[in-house]
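Here's the letter readout for the chains.
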Amino acid sequence: MHLQKDDGTAPLPFPYHQQLSVKVRSKRMRRFLCCCCCRRRRKKDQDDTALLRSYSERGGFTVRNQSANDMESTSENDVSADCFGGEQFDPFSITVMVRSLNQSRRIRIPNRPDVSMSLWSLIKNAIGKDLTKLPLPVNFNEPLSMLQRLNEDYEYSALIDKAADTSDPFEQMAYIAAYTVSSYATSALRTGKPFNPLLGETFESDRIEDLGWRCISEQVSHHPPLVAQHCQGRKWVCWQQFSMSSRFRGNSIEITPLGLAHLLFPKTGTHYTWRKVPSIVHNIMFGKLWIDQEGEMDIYNHSTGEICHIKYNPSSFFKGEAKRVEGTIYDSVKQPKLCIAGTWDSKIESFEILKIDSKGSFTLGPAKLLWSRVMPPSDSDKYYNFTLLACQLNEMEEGVAPTDSRNRPDQRLMENGYFDEANLEKLRIEEKQRTARKIRLQNMTNSSKSKSTLVTAVSKPPDDLDDDGGEPGYKPAWFSVAKDQVTGKNMHIYNGEYWECKNKSDWSRCPDIF
């Protein structure tokens, strides 16, 4: 890939990363980069890759494919460097390599720099409040957006494939239960906060060739925050509308997922739904951060009536129990048939119920392993405890939408270790989002015949989608509001047009958000 200068306005850090070949002609720029490298103690194995911040003209860059010969003959005048401290510098050249469809995926990301900050100092004034509305610097983030983080639910999608291949309804339910538990495994050591998506931000993940699914997600509302997701497997379809609330409770934060997840097997018409349990982040004020899952959830088979009740027990290190999960699968007349047990960060097994005594105790058959976690790389603690799939989610790919999370400049700068610059970019794009919302509301004001009706509509954003479908004055690009056949409430459903538009490279409906 190669960056070319077009006419633009104010400068913007170039968001794309990977292998950078940089020739810097400014002495002050060289001194700045040298200080950054020393301050952040870059490892020797990263020195061969210049993960440098570059500036182009905002809205005025284009990206094109480039051959090896083109790379050798890159002109120093192809990019105009911007200023540090308001001074203009000489241009320098930069070549950016982006993964092509026929290239292997990366296996890790740059190490996290040694930058620390007290979380308690930022949230101590938010006790009892919803922390989703509290602005935090990127120092507490991980270089993924919530759209990308939700894609990690499908890391063990092979369990859904196994469920699709079995004709036994109880065995099918057991595999689906194991899948819902497996989605928490990646959070065992992940204490970083994902980036909050901007309104209109999208993320695509096409893993149909290797993992058997492709997924599209979009931030369809910002007030309240809502993510719509649609994932298509070879034998199944999964979709959800996701939101969450959080609150401070002493030395911990409780994060409660909101929304219903759907799973459909088109061949048989079998339809499952479930809701996720809350996550608890412990030791906010003192001690080492750690995450636990607590609560109960039910998985419903709306076609045949089976139910799986799962309980996530709070970790008790005094009793020697940590991350324990237990569940029972019932038939349509509420008779127990199977039990599942294990830990949400390690494995899940199923047990056939052979006998039930007068006290309701079960006699269980031999254990059958349903799921076992694939451990992350041994050095993953250096890069946010990411799994292999997590490392690949933010890898730049050809042909993605301009609203894709991979294009977020603040997130890209953070991944490359530039926390200060990432915080500045985060402020800029969030202010841009607020300005866009003000313009939308003003346009609604101008077009409204009744001013009093409008004030009621826009001054109190709805808590759900029963009223007007989400964000006032905004229409999502890839999802439409429809009634959920299970709950009877409105939710965002995929309109089936994203992949067709991608094949045509037609991104005309995408808003300018970065």
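Just so it is clear, the model here is predicted, and its values are computed rather than measured. (Residues numbered from 1 in each chain as written. Predicted model: local features only at pLDDT ≥ 70, side-chain atom pairs only at ≥ 80, totals over all residues. Heavy atoms only, no water.)

1. Describing the overall build of the protein chain
Next up, step 1: Of the regular secondary structure elements, the protein chain holds eleven helices and 25 strands.
Next up, step 2: Within the protein chain, buried positions represent 51% of all 514 residues.
Next up, step 3: Counting contacts in the protein chain only where the partners sit at least 6 residues apart, residues at least 24 apart contribute 62% of the total.
Next up, step 4: For the protein chain, the exposed area adds up to about 24700 Å²; of that, 51% sits on carbon and sulfur atoms. (Helix = DSSP H or I, 4+ residues; strand = E, 2+ residues; numbered from the N terminus. Buried < 20%, exposed > 50% of the residue type's maximum accessible area, 1.4 Å probe, protein only. Contact = heavy atoms within 4.5 Å. Areas by Shrake-Rupley, 256 points an atom, 1.4 Å probe, with all protein chains shown as cover.)

2. So, helix α9 (residues 419-447)
Next up, step 1: Under the 1.5 Å per step criterion, the end-to-end length of α9 is 42 Å for 29 residues, consistent within 8% with the ideal 42 Å.
Next up, step 2: By the burial criterion, the buried members of α9 are F419, E421, A422, N423, E425, K426, R428, I429, Q433, R437, R440 and L441. (Expected span 1.5 Å × (residues − 1).)

3. Let's talk about the side chain of E397
Next up, step 1: Structurally, E397 can be placed in the loop between α7 (388-393) and α8 (409-415).
Next up, step 2: A polar side-chain atom of E397 sits 2.7 Å from a polar atom in the side chain of R105. (Polar contact = N/O pair within 3.5 Å; in protein donor to acceptor, adjacent residues only side chain to side chain.)

4. Considering the nonpolar core
Next up, step 1: Core analysis: the biggest nonpolar cluster contains 40 residues, and W236, L263, W274, I299, I310 and Y312 have the highest contact counts within it.
Next up, step 2: Counting residues per element, this core draws most heavily on helix α6 (residues 169-182), which supplies eight residues.
Next up, step 3: Setting aside residues up to four positions removed in sequence, I299 forms contacts with M173, I176, A177, T180, Y272, T273, W274, E306, I307, C308 and I310.
Next up, step 4: Grouped together as the second largest cluster of nonpolar side chains are 22 residues, V227, Y384, L389 and Y418 included. (Core = buried A, V, L, I, M, F, W, Y, C linked by side-chain atoms within 4.5 Å.)

5. Topic: a nonpolar patch on the surface
Next up, step 1: On the surface, I356, F362 and L364 cluster together into a nonpolar patch covering about 230 Å² of accessible area.
Next up, step 2: By the element assignment, I356 lies in strand β22 (residues 347-356).
Next up, step 3: Residue classification places I356 among the partly exposed residues on the basis of a relative accessible area of 39%. (Patch = residues over 30% accessible without salt bridge, like charges linked within 9 Å, V, L, I, M, F, W, Y side chains within 5 Å. Salt bridge = Lys/Arg side-chain N within 4 Å of Asp/Glu carboxyl O.)

6. Some words on the packing of helix α5 (residues 158-165) against α6
Next up, step 1: At a minimum axis separation of 8 Å, α5 and α6 run at an interaxial angle of 170°. With respect to α6, the axis of α5 lies roughly antiparallel. Residue-level contacts link L159, I160, K162, A163 and A164 of α5 to Q172, Y175, I176, A178, Y179 and S182 of α6.
Next up, step 2: Here the contact of α5 with α6 is built from residues that sort into eight nonpolar, two polar and one charged. (Axes fitted to C-alpha atoms, helices over the stretch in contact; angles between N-to-C directions. Parallel < 35°, antiparallel > 145°, perpendicular 65-115°, else oblique. Nonpolar A, V, L, I, M, F, W, Y, C, P; charged D, E, K, R; others polar.)

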